[in-house]
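Listed here are the chains, written in short residue letters.
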Amino acid sequence: MKMVLSHFNYWCKAKDDAQLTNTAIEMLDSSSKSPQLEWVPAMQRRRLSHYAKMALFVAAKSANTYEEEMLPVVYASQHGDFHRTSSILKDLAEGEVISPTSFGLSVHNAVIGLYSILTKNQQPMNSIAAGENTLLMALIEAYVQLDNPTVDKVLVVYCDQPLPTDYAQFDEKDSVDLACAFVVSKQAENGISLTLSPSEEKNNSALQAKQLVEFLATKHAGDSVVLGCQSAWQITIDEVRHC
Amino acid sequence: MSDLKTKIKKLIIESLDLEDITIDDIEDSEPLFIDGLGLDSIDALELGLAIKKEFDIKIDANSEETKQHFASVDALAAFIEQNA
């Protein structure tokens, strides 16, 4: 499987700077808690959680160049906006009536729905969750969509954050706020050319999205990484052109 | 300004995350929805819930009258006073 990745953007924030040392990922926008979304009208922005802001921030950055051309979107998140979901669950457990706003925005595809409304993009969009393999599966999903002759570019958007404290036992020790977006095409003048091939070797790391973002941020031609535990893939960077 | 109206305005700002709006920005008689403050249908549900919680008032979501009660802070205050 060969594909070209371009317009790669990410937003990352760690609880502790040490979690990001020795990685290619830099903490972005460290001065503010959430990324700034000036392009979203204030009345809409007020309802956005930190999670939604991270996702919309990278999506808009990567899609910006294609303003005239609306791209189909593959949205990927292992947990979705789980901070919102967990507060709803808490209200239910305490016998409280749940917030209609939170309920509407807690579904897995809510962020990409908001993206569609805010950018007036009516292209097909789907939302996937595949455990630790979520970002890898999003890449494969995008590749599958490119098989349609009418589709030549797909925007991939990924976002996850550490689980709320009550669920910390299910989380990885070094999980961080991480959102990334990129455009995938079969052929493009500029970008990172990748080859994906099934791998015998497995990768049991639960922080695969972070690994993949690090790998893409480093963008060294010739480098390769193995991702995935149940179905593992080797990703090799063949060439890097103007990005 | 009556205490009840101040309380309602505070409830509107807090329950609807109107971060940049203060109590003084909301006029008693100004429409809350579409024009005026510019709230939408999700806000109506959220505000209904907040009023139900705060004042222990049952609100009929389908009644035409409910629309009138939610027209402005003045209308809400009158509705709450009647039903409290």
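Everything that follows concerns the structure shown earlier in this document.
Figured I'd write up the structure that's included with this text.

The subject of this paragraph is the overall build of chain A. When helices and strands are counted, chain A shows seven helices and eight strands. For the C-alpha atoms alone, the extent of chain A along its principal axes is close to 55 × 40 × 35 Å. Each of the 243 residues in chain A was classed as buried or not, and the buried ones make up 50%. For chain A, the share of sequence-separated contacts (at least 6 apart) that also reach a separation of at least 24 residues comes to 71%.

The subject of this paragraph is the pattern of salt bridges. If you walk through the whole model with that rule in mind, you get 15 salt bridges over all chains. Of the charged contacts, one joins Asp40(B) and Arg47(A) as a salt bridge, the two residues approaching to 2.7 Å between their closest N and O atoms. Of the two residues, Asp40(B) is situated in the loop between helix 1 (3-15) and helix 2 (41-55) and Arg47(A) in the loop between helix 1 (42-45) and helix 2 (50-63); the pairing between them involves two chains. By relative accessible area, which is 12% here, Arg47(A) ends up buried. A salt bridge links Glu239(A) to Arg241(A), with the shortest nitrogen-to-oxygen separation between them at 2.7 Å.

Residue and element names in this part refer to chain B. The N-to-C vectors of helix 1 and helix 2 enclose an angle of 130°; their axes lie 10 Å apart at closest approach. Considering their axes alone, helix 1 and helix 2 lie oblique with respect to each other. Between helix 1 and helix 2 lies a crossing whose hand is right-handed. Contacts between helix 1 and helix 2 pair Leu4, Lys7, Ile8, Leu11, Ile12 and Ser15 from the former with Glu46, Leu47, Ala50, Ile51, Glu54 and Phe55 from the latter. In terms of residue class, the contact of helix 1 with helix 2 is made up of eight nonpolar, one polar and three charged.

Each value, and the rule that gives it
- Residues numbered from 1 in each chain as written.
- Chains lettered and ligands numbered in written order.
- Predicted model: local features only at pLDDT ≥ 70, side-chain atom pairs only at ≥ 80, totals over all residues.
- Heavy atoms only, no water.
- Helix = DSSP H or I, 4+ residues; strand = E, 2+ residues; numbered from the N terminus.
- Buried < 20%, exposed > 50% of the residue type's maximum accessible area, 1.4 Å probe, protein only.
- Contact = heavy atoms within 4.5 Å.
- Salt bridge = Lys/Arg side-chain N within 4 Å of Asp/Glu carboxyl O.
- Axes fitted to C-alpha atoms, helices over the stretch in contact; angles between N-to-C directions.
- Parallel < 35°, antiparallel > 145°, perpendicular 65-115°, else oblique.
- Left-handed = near helix turned anticlockwise from the far one by under 90°.
- Nonpolar A, V, L, I, M, F, W, Y, C, P; charged D, E, K, R; others polar.

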